[in-house]
Amino acid sequence: MSAKKGLSLTLKIWRQKNNKSKGQFETYKISDVSTDSSFLEMLDMLNENLNNEGKEPIAFDHDCREGICGMCSLYINGRPHGPDTGITTCQLHMRMFKDGETIHIEPWRSAAFPIIKDLVVDRSSFDRVMAAGGFISVNTSGNTLDANAIPVPKDDADHAMDAAACIGCGACVATCKNGSAMLFVGAKVSQFALLPQGRVEAERRVLNMVKAMDEEGFGNCSNTGACEVECPKGISLSVIARMNREYMAATLDKG
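All residue numbers refer to positions counted from 1 along the written sequence of the respective chain. Reporting in this predicted model follows two pLDDT cut-offs: at least 70 for local features of residues, and 80 or more for side-chain atom pairs to be given and counted; totals over whole chains, interfaces and linings ignore these cut-offs and use all residues. Calculated side-chain values reflect all of the structure's heavy atoms, with hydrogen atoms and water omitted.

In the annotation of an unreviewed UniProt entry, the chain is listed under the name Succinate dehydrogenase/fumarate reductase iron-sulfur subunit and assigned to Kaistella carnis. UniProt positions are given in the numbering used here, feature names are shortened, and annotations may be inferred rather than shown by experiment. The UniProt entry for the chain carries the following comment under Sequence similarities (unreviewed entry): "Belongs to the succinate dehydrogenase/fumarate reductase iron-sulfur protein family."

**Student:** Explain the packing of helix α2 (residues 124-133) against helix α5 (residues 182-193) here, please?
**Tutor:** A packed helix pair is summarised by two numbers, namely the angle formed by the two axes and the spacing between the axes. Running from N to C, α2 and α5 point in directions that differ by 30°, and their axes come no closer than 11 Å. Here α5 runs roughly parallel to α2, going by the angle between their axes. Judged by the sense of rotation from one axis to the other, the crossing of α2 with α5 is right-handed. Across from Phe-126, Val-129 and Met-130 in α2, the residues of α5 making contact are Phe-184, Val-185 and Lys-188. Three classes are used: nonpolar for Ala, Val, Leu, Ile, Met, Phe, Trp, Tyr, Cys and Pro, charged for Asp, Glu, Lys and Arg, and polar for all others, with Gly counted as polar. A per-class count over the contact of α2 with α5 returns 5 nonpolar, no polar and 1 charged. Under this scheme, a helix contributes an axis fitted over its contacting stretch, all axes are lines through C-alpha atoms, and angles between N-to-C directions fall in the 0 to 180 degree range. Put simply, DSSP H or I for four residues or longer makes a helix, DSSP E for two residues or longer makes a strand, and each gets a number counted from the N terminus. Reported orientations rely on four angle classes, namely roughly parallel under 35 degrees, roughly antiparallel over 145, roughly perpendicular from 65 to 115, and oblique for the rest. Definitions for this section: a left-handed crossing has its near helix turned counterclockwise from the far helix by less than a right angle. A right-handed crossing has that turn clockwise. In this analysis, two residues are considered to be in contact whenever any of their non-hydrogen atoms come within 4.5 Å of each other.

**Student:** Looking at this structure, I do not really get the packing of aromatic side chains. What am I missing?
**Tutor:** Aromatic rings considered in pairs are described by the distance between their centres and by the relative angle of their planes. We call Phe, Tyr and Trp rings a pair once their centres come within 6.5 Å, taking the six-membered ring for Trp, and we label the pair stacked below 30 degrees between planes, edge-to-face above 60, and tilted otherwise. Applying the stated criterion across every chain yields a total of 7 aromatic pairs. For the pair Phe-39 and Phe-97, a centre-to-centre distance of 5.8 Å together with 40° between the ring planes defines the contact as tilted. A residue pair is termed long-range when its members are at least 10 positions apart, and Phe-39 in helix α1 (residues 39-52) and Phe-97 in the loop between β4 (79-80) and β5 (102-106) qualify at 58 residues. Here Phe-39 matches Phe-97 in class, with each residue buried. Ring centres 5.2 Å apart and planes at 80° place the aromatic pair Phe-113 and Phe-126 in the edge-to-face group. One end of the pair, Phe-113, is in the loop between β5 and β6 (115-117); the other, Phe-126, is in helix α2, and 13 residues separate them in sequence. Classification of residues uses two cut-offs on accessible area relative to the type maximum, computed with a 1.4 Å probe and protein chains only: under 20% is buried, over 50% is exposed, and between them is partly exposed.

**Student:** Mind showing me how you'd approach the nonpolar core here?
**Tutor:** As a rule of thumb, nonpolar side chains are buried together in soluble globular proteins. Judged by nonpolar contacts, the single largest core of 64 residues is most densely connected at Leu-11 and Phe-39. For the domain bounds, the source is a domain assignment made automatically or taken from a database. Structurally, this core is a two-domain feature, drawing no fewer than three residues from each of domain 1 (7-116) and domain 2 (123-139 + 147-253). Those residues within four positions of Phe-39 in sequence are excluded, and the remaining contacts are Leu-74, Ile-76, Thr-89, Leu-92, Met-94, Phe-97, Ile-103 and Ile-105. What is meant by a nonpolar core is a set of buried Ala, Val, Leu, Ile, Met, Phe, Trp, Tyr and Cys residues, joined one to another through side-chain atoms within 4.5 Å.

**Student:** In this structure, what is going on with the sheet that holds strand β2 (residues 24-33)? I would like to understand it.
**Tutor:** Sheet strands associate in pairs through backbone hydrogen bonding, adopting either a parallel or an antiparallel arrangement. What the 5 strands build is an open sheet, ordered β2-β1-β5-β3-β4; its pairing is mixed. At either end of the open sheet lies a strand with only one pairing partner, and these are β2 and β4. Against the sheet, α1 contacts β1 (7-15), β2, β3 (75-76) and β5, and its axis sits at roughly 100° relative to β2. By definition, two strands form a pair when at least two bridges between them are found by DSSP.

**Student:** Hey, could you run me through the pairing of β5 in this one?
**Tutor:** Regular strands place their side chains on alternate faces of the sheet. Where β1 lies against β5, 4 bridges are found, and the strand directions are parallel. Opposite Leu-11, over in β5, you have Ile-103 as the bridge partner. Across 2 bridges, β3 lies against β5 in antiparallel orientation. For Tyr-75, the partnering residue across the bridge sits in β5 and is Glu-106.

**Student:** Teacher, can you tell me more about unusual backbone geometry here?
**Tutor:** Leave glycine aside and you will find that most residues have negative phi; peptide bonds, for their part, are mostly trans. In this structure, Arg-65 takes a positive phi of about 55° despite not being glycine. Of note, Arg-65 is situated in the loop between α1 and β3. Overall, Arg-65 belongs to the partly exposed group, its relative accessible area being 27%. At Asn-77, a residue that is not glycine, the phi angle is positive and equals roughly 50°.

**Student:** I would appreciate a short explanation of the pattern of salt bridges in the present structure.
**Tutor:** One speaks of a salt bridge when a side-chain nitrogen belonging to Lys or Arg is within 4 Å of a carboxyl oxygen belonging to Asp or Glu. Scanning the entire structure with this criterion turns up 10 salt bridges. Between Asp-44 and Arg-65 there is a salt bridge; the shortest N-O distance is 2.8 Å. With Asp-44 in helix α1 and Arg-65 in the loop between α1 and β3, this residue pair connects regions lying 21 residues apart in the sequence. When the shortest N-O distance is used, the salt bridge between Glu-106 and Arg-109 registers 3.4 Å.

The structure is reproduced here in structure tokens:
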């Protein structure tokens, strides 16, 4: 009995040496790709071929390969994370593609995510937004109250956990026509705003994080909803509404 034949594919991949140089698509052929392999394993296979040919491999981000870290972000055939729903790039399997298909692979496209090399972008803007307020300050003198002793309504706890599921991959920014980071920031604001531990610094947090988001050059939200559709963790647009309420209340209180 003959072994199952793998996929033969044409890959059009964005190559760019750095943020200052001009990039372009380059075409690669690859064959015998197992439909059971992941998209990143297919890129590993391609890079191994390039190494064997003495050519420079393609730079792409990856870490956990379990859909947790968000580093594997790629734009594949016009969609963040590729032609599937509720998954990251590392969770995308080659069975989603057909034999002989041409696949276009690009990095995130956003002024706030400058290209480092090839498919790798700099998402440290998210880190700076988080540093502006994505934390709680706790007195650790030894007199702190055990968190489990603070009653939290189940609905609030559930919604906070839903918001905290955001892995900061940037798919929301990449798919938004305005390059908006409102879903990301809304999720980070919401996970704290819904819990009593986060209420102490709620006003300062939302003001600082929104200010940082604007300073990083992210665009405005126009409520098209593409961010929610393409988010691999299914973060709801409701977090944006909550952030807007928190911001309005903080602004009025400050004024």
